[in-house]
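# Structural features, examined
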There are 4 protein chains.
Amino acid sequence: MSKRLEGRRVIVTDADDFMGPDVVTLFQEEGAEVIADRRDLTAPSAAENLIKEAGRVDVLVANLAATFSGELVQQIEDAELDLMYDRLVRPLHKLTRAVLPQMVERRAGKIVVVGSAVALKGTPRRAAYAAARGAQHAYVRTVGAEVAAFGVNVNATGQSFVENPTYFPPEYQATDEFRTRIKQVPAGRLSTGREAAQFLMFLAGPESGFFFGQIFAYSGGWTV
Amino acid sequence: MSKRLEGRRVIVTDADDFMGPDVVTLFQEEGAEVIADRRDLTAPSAAENLIKEAGRVDVLVANLAATFSGELVQQIEDAELDLMYDRLVRPLHKLTRAVLPQMVERRAGKIVVVGSAVALKGTPRRAAYAAARGAQHAYVRTVGAEVAAFGVNVNATGQSFVENPTYFPPEYQATDEFRTRIKQVPAGRLSTGREAAQFLMFLAGPESGFFFGQIFAYSGGWTV
Amino acid sequence: MSKRLEGRRVIVTDADDFMGPDVVTLFQEEGAEVIADRRDLTAPSAAENLIKEAGRVDVLVANLAATFSGELVQQIEDAELDLMYDRLVRPLHKLTRAVLPQMVERRAGKIVVVGSAVALKGTPRRAAYAAARGAQHAYVRTVGAEVAAFGVNVNATGQSFVENPTYFPPEYQATDEFRTRIKQVPAGRLSTGREAAQFLMFLAGPESGFFFGQIFAYSGGWTV
Amino acid sequence: MSKRLEGRRVIVTDADDFMGPDVVTLFQEEGAEVIADRRDLTAPSAAENLIKEAGRVDVLVANLAATFSGELVQQIEDAELDLMYDRLVRPLHKLTRAVLPQMVERRAGKIVVVGSAVALKGTPRRAAYAAARGAQHAYVRTVGAEVAAFGVNVNATGQSFVENPTYFPPEYQATDEFRTRIKQVPAGRLSTGREAAQFLMFLAGPESGFFFGQIFAYSGGWTV
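Residues numbered from 1 in each chain as written. Chains lettered and ligands numbered in written order. Predicted model: local features only at pLDDT ≥ 70, side-chain atom pairs only at ≥ 80, totals over all residues. Heavy atoms only, no water.

### Regarding the nonpolar core
- Core analysis: the largest hydrophobic core is formed by 352 residues, its most contacted members being Phe27 of chain A, Phe27 of chain B, Phe27 of chain C together with Phe27 of chain D.
- Those residues within four positions of Phe27 of chain A in sequence are excluded, and the remaining contacts are Leu5, Val10, Ala32, Val34, Val61, Ala197, Leu200, Met201 and Ala204 of chain A. (Core = buried A, V, L, I, M, F, W, Y, C linked by side-chain atoms within 4.5 Å. Buried < 20%, exposed > 50% of the residue type's maximum accessible area, 1.4 Å probe, protein only. Contact = heavy atoms within 4.5 Å.)

### Some thoughts on the confidence of the model for chain A
- For chain A, the average pLDDT comes to 97, and 100% of its residues sit at 70 or higher.
- Across the assembled chains, the prediction reports ipTM 0.98 with pTM 0.98. (pLDDT = per-residue confidence, 0-100.)

### Considering the packing of helix 2 (residues 46-54) of chain D against helix 3 (residues 78-106) of chain D
All names here are of chain D.
- In the contact formed by helix 2 and helix 3, the axes pass within 8 Å of each other and the chain directions differ by 30°. The angle between helix 2 and helix 3 places the two elements in the roughly parallel class. Judged by the twist between their axes, the crossing of helix 2 over helix 3 is right-handed. Residue-level contacts link Ala47, Glu48, Leu50 and Ile51 of helix 2 to Lys94, Leu95, Arg97, Ala98, Val99 and Gln102 of helix 3.
- Residue composition of the contact of helix 2 with helix 3, grouped by class: six nonpolar, one polar and three charged. (Axes fitted to C-alpha atoms, helices over the stretch in contact; angles between N-to-C directions. Helix = DSSP H or I, 4+ residues; strand = E, 2+ residues; numbered from the N terminus. Parallel < 35°, antiparallel > 145°, perpendicular 65-115°, else oblique. Left-handed = near helix turned anticlockwise from the far one by under 90°. Nonpolar A, V, L, I, M, F, W, Y, C, P; charged D, E, K, R; others polar.)

### Digging into the interface of chain A and chain D
- In this assembly, 39 residues from chain A lie in contact with 39 residues from chain D.
- Across the chain A/chain D interface, buried area totals approximately 3,200 Å², and carbon plus sulfur atoms make up 60% of it.
- Measuring nitrogen to oxygen at the nearest pair gives 2.6 Å for the salt bridge that ties Asp82 of chain A to Arg90 of chain D.
- Inspection of the chain A/chain D interface yields 20 residue pairs in polar contact (both at pLDDT 80 or more).
- Mapped onto the side of chain A that touches chain D, the elements with two or more residues apiece are helix 3 (78-106) and helix 4 (127-147) of chain A.
- Classifying every residue of the side of chain A that touches chain D gives 21 nonpolar, seven polar and eleven charged. (Buried area = accessible area lost by both parts, 1.4 Å probe. Salt bridge = Lys/Arg side-chain N within 4 Å of Asp/Glu carboxyl O. Polar contact = N/O pair within 3.5 Å; in protein donor to acceptor, adjacent residues only side chain to side chain.)

### Digging into the pairing of strand 5 (residues 152-159) of chain D
All names here are of chain D.
- Taken across its eight residues, strand 5 has eight buried, putting it largely inside the fold.
- Burial along strand 5 is two-sided: the residues Val152, Val154, Ala156 and Gly158 and Asn153, Asn155, Thr157 and Gln159 are all buried.
- As judged from the five bridges shared by strand 4 (residues 109-113) and strand 5, these two strands associate in the parallel manner. What sits directly across from Gly109, in strand 5, is Val152.
- Taking the sense of rotation as the criterion, the β-α-β connection linking strand 4, helix 4 (residues 127-147) and strand 5 turns out right-handed. (Pairing = 2+ DSSP bridges. Right-handed = clockwise from strand over helix to strand, strands pointing away.)

### Topic: the interface of chain B and chain C
- Contact with chain B, which involves 39 residues of that partner, is made by 39 residues of chain C.
- Between chain B and chain C, roughly 3,200 Å² of surface is buried when both sides are summed, and carbon and sulfur atoms account for 60% of that area.
- Along the contact surface separating chain B from chain C lie six salt bridges.
- As a salt-bridge pair, Asp78 of chain C and Arg97 of chain B come within 2.9 Å of each other at their nearest N and O atoms.
- Linking chain B with chain C are 20 residue pairs in polar contact (both at pLDDT 80 or more), by the criterion used here.
- Residue assignment for the side of chain B that touches chain C shows that the elements contributing at least two residues are helix 3 (78-106) and helix 4 (127-147) of chain B.

### Here we look at the environment of Phe178 of chain D
Residues and elements named next belong to chain D.
- Along the chain, Phe178 falls in helix 6 (residues 176-182).
- For Phe178, a relative accessible area of 8% puts it in the buried group.
- Considering only alpha carbons, one finds Phe178 and Phe202, 24 residues apart in sequence, at a separation of 29 Å.
- Ignoring any residue separated from it by four or fewer positions in sequence, one finds Phe178 in contact with Phe168, Tyr172, Gln173 and Leu190.

### Here we look at the sheet that holds strand 6 (residues 215-218) of chain D
Residue and element names in this part refer to chain D.
- Read across the open sheet, the six strands follow the order 2-1-3-4-5-6; overall the sheet is parallel. Each end of this open sheet is capped by a strand with a single partner; those strands are strand 2 (33-36) and strand 6. Averaged over neighbouring strand pairs, the angle between their axes works out to 20° when direction is ignored.
- Where strand 5 and strand 6 come together, four bridges link them in parallel fashion. Its bridge partner being in strand 6, Thr157 is matched across the sheet by Phe216.

### With respect to the sheet that holds strand 1 (residues 9-12) of chain A
All names here are of chain A.
- Strand order across the open sheet formed by six strands is 2-1-3-4-5-6, with parallel pairing between neighbours. Looking along the sheet, the strands with just one partner apiece sit at the ends: strand 2 (33-36) and strand 6 (215-218). Here the strands of the sheet are splayed against their neighbours by 20° on average, with no regard to which way each runs.
- Across four bridges, the pairing between strand 3 (residues 59-62) and strand 4 (residues 109-113) is parallel. Of the residues in strand 4, the one forming a bridge with Leu60 is Ile111.
- The sheet strands contacting helix 3 are strand 3, strand 4 and strand 5 (152-159), and the helix crosses strand 4 at an angle near 165°.

### Some points on the pattern of salt bridges
- Counted according to the given criterion, the structure contains 62 salt bridges over all chains.
- Lys94 of chain D is paired through a salt bridge with Asp78 of chain A; the nearest N and O atoms lie 3.5 Å apart. Here Asp78 of chain A lies in helix 3 and Lys94 of chain D lies in helix 3, a pairing that spans two chains.
- Among the salt bridges present, the one from Arg97 of chain B reaches Glu48 of chain B, with a minimum N-O distance of 3.6 Å. With Arg97 of chain B in helix 3 and Glu48 of chain B in helix 2 (residues 46-54), this pair connects stretches of sequence that are 49 residues apart.
- Given a relative accessible area of 16%, Arg97 of chain B falls into the buried group.
- Its relative accessible area of 24% is what places Glu48 of chain B among the partly exposed residues.
- When salt bridges with common partners are traced through the structure, they connect Glu48, Lys94 and Arg97 of chain A together with Asp78 of chain D into a single cluster.

### Quick notes on the environment of Asn164 of chain B
Residues and elements named next belong to chain B.
- Following the sequence through the fold, Asn164 ends up in the loop between strand 5 (152-159) and helix 5 (170-173).
- The exposure class of Asn164 is buried, given its relative accessible area of 6%.
- Residues Asn164 and Leu83, spaced 81 residues apart in sequence, show a C-alpha to C-alpha distance of 21 Å.
- Not counting residues up to four positions away in its chain, the partners in contact with Asn164 are Phe18, Met19, Gln159 and Pro169.
- Within polar-contact distance, the side chain of Asn164 engages the backbone nitrogen of Thr166 at 2.9 Å.

### Some points on the relation of the copies chain A and chain D
- Mapping chain A onto chain D is achieved by rotating through 180° and translating by 0.0 Å along the same axis, at an RMSD of 0.0 Å. Expressed as a symmetry operation, the mapping of one chain copy onto the other fits a two-fold axis. It is Ala135 of chain A whose C-alpha, among those of chain A, lies nearest the rotation axis, at 2.2 Å.
- An overlap of 100% is found between the interface residues of chain A and their copies at the interface of chain D, pointing to a shared contact surface. (Least-squares fit on C-alpha atoms with pLDDT ≥ 70 in both.)

### Observations regarding helix 1 (residues 20-29) of chain A
Residues and elements named next belong to chain A.
- Turning to helix 1, its buried residues number three or more, namely Gly20, Val23, Val24, Leu26 and Phe27.
- Taken together, the buried residues of helix 1 touch strand 1, strand 2, strand 3 and helix 7 (193-204).
- Positive phi shows up at Gly31, right after helix 1, with a value of about 95°.

### Considerations on the relation of the copies chain B and chain C
- Aligned on chain C, chain B shows an RMSD of 0.0 Å; the corresponding rotation is 180° and the shift along the axis is 0.0 Å.
- With an isologous cut-off of 70% or more, the 100% of interface residues of chain B that recur at the interface of chain C puts this contact in the isologous class.

### A few points about the environment of Ala36 of chain A
All names here are of chain A.
- In this fold, Ala36 is placed in strand 2.
- With a relative accessible area of 26%, Ala36 lands in the partly exposed category.
- For the pair Ala36 and Val23, spaced 13 residues apart in the sequence, the C-alpha separation amounts to 9.5 Å.
- Setting aside residues no more than four positions away along its own chain, Ala36 makes contact with Val12, Ala15 and Val24.

Following this line, the structure appears as structure tokens:
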């Protein structure tokens, strides 16, 4: 049996953050030719350059990370809101705009946005972060509907409670806040990064061809 | 590489209807030991007997079918409402109640309910059918949350615009009604049954372990 | 200023249960001519008779109640599932079918279904009840879309954490289960029945004319 | 009977745009003391100054408007994305941050965000606009959950197909694009601005006390 991403050229952004490490590892195991990118995508032309250098791109995994303060909304400064926007929203548009033309032309391609369940369920102390993640979801719905007719699949997850170096590192798992929060998750446990990467592989792979602009919660039942 | 459902014992109900044929074929190709059941599940004890006869069940694909009149709500008779309930809701509960104890005991197992997108988006002339499909979704959310702590995954699709012998047979695809409806689907086409079965396989397989009580639209962007 | 339901003829079913008492009181204060019905709507022809006797009906408040066992899904008997269906789903259809023709003919009218948030959020030990409440919601979406063109508004709430004699009576509020549950509600308190009735009045009144087939969570933030 | 917003001090931002004119008129009729603001909220300190000048604020109607290009996503420039963010997202946070402390202190207050249904349903040619409107919704969910315990109600609409000078002016209603779009709306018509303002009044008034962080579609059934 052939590997599930055999021969696919896949860009993974922010490859050291969030779902980057697990996605790169799994996708390579499944035969993908992975471009694991680590550049700062807030720099002018960075997104455009990445796509240009990559040549043919079958799959873009828009894995974008930014860390939030965890403050109450009254304490969240403009700088934090702007940072979320600069790291999570602007690069998503720049990457999408740069990569879509080749996908539309070939009438094939996938954009998988790694999003957050915080945009799906109101969670105190996440106002700026949630806003940017919500922007991603609405963007995906719109673009997904727009390019569906060309056979290009643009979809997103809304994940939480997944082990990853950015949002659920070992040191956070040792806190009381974490222990309180995990009790509210029906699963009663974190997902491993690999499990979550498997769902991203489903979205990136040949079997997701009838999904367009959809947001998939991935949260151990927390959003159900 | 091993097959994706290698060694799993899977029940598929109403095996000649709805997603039955495509699920049976694909799951067998992927190594599952499939019990393709065709009995009338409205008969007393039918659901209980099926589970008893099956012995170990790793996956239950609750693929239940019933055809609706397509009448306006003022013309829908009690008999149609009752039929939908008898075919789509009662057997789901009887099957679930019969199969869950062994899954809970083994702390492993999957129930995949093949549902309808009509329960997700208001669609004229489907009142009785939509009600029963909506009952399935709410049931799945509740049971999914209830058994999550035991590592049992209960999830459902809400599908539409998928080729299958029950709801989108070739003769329906030749109607004007169909041609009007398909224009409202961003995909602009039907899903093949096999494509849809691949997503059901994802839910039935080892990679869906962090989903509990979730409803997945599968509709070519129609519900987005 | 005139009262908000001045001159409207309103049926309220199960008038002693669930939201019945608060709706009847408030709607009468606001000028409605309320037909507070208490008959058993599971009896043959009961729903049809109610509508026939009522004559002109401007608003139907489909307030239907049934109490559940609170058992785990493995312990829920067919009789409970059937009871939920018989009390919550069948009467809704019979009432709707009987009252819609006059509303469609006048191109005016409102059906307000008092539903449950349990159909919106997976809640353990509510499988049969949630299924019936989910059927109501899907039914409302479908019928709401179907009769929108006639200017008839069919909508529902999905409420929880509201004081009422059926689901949140004083004795339940004294239990540990209740005290645990209320902590998970952002509001941190129950809604009074009157507050909830005010939202139902909004849906029943002249200001809800652009809502069709919509489900409104009413739960103190529990579903957000 | 007293007026419904008697004695309430209400800020309405962008008072000449979007829902501004209808909200100001209706709220004044209903007894509110309306501060109809027209300043450019993208200017530094503009939001803070508005709140400071206003003194006591019982209700903030965050009515923020920005017009989009209507281009396909490949043609949407960074400047448009930034403009949407600068007009729809940043001022919402600045206003919220400035006004919440007095509401939290009094344990009373309402923030009503006039949002767009484009954030709820994938709509081609709206990528940048939808992203900003999606950010608003996720922000509202988060802040709504965060301040619920203080009795402050933060909620939003997701509206479309409402007559207003910004998005559905008479000249747009004369286009073929409009005529095609309105056919997809179950209502088959636009809402008047006054009807929509009545729902905003419900959210701004004394009867919305049990809603926290909720998004209300208002779209003539288009999102159902």
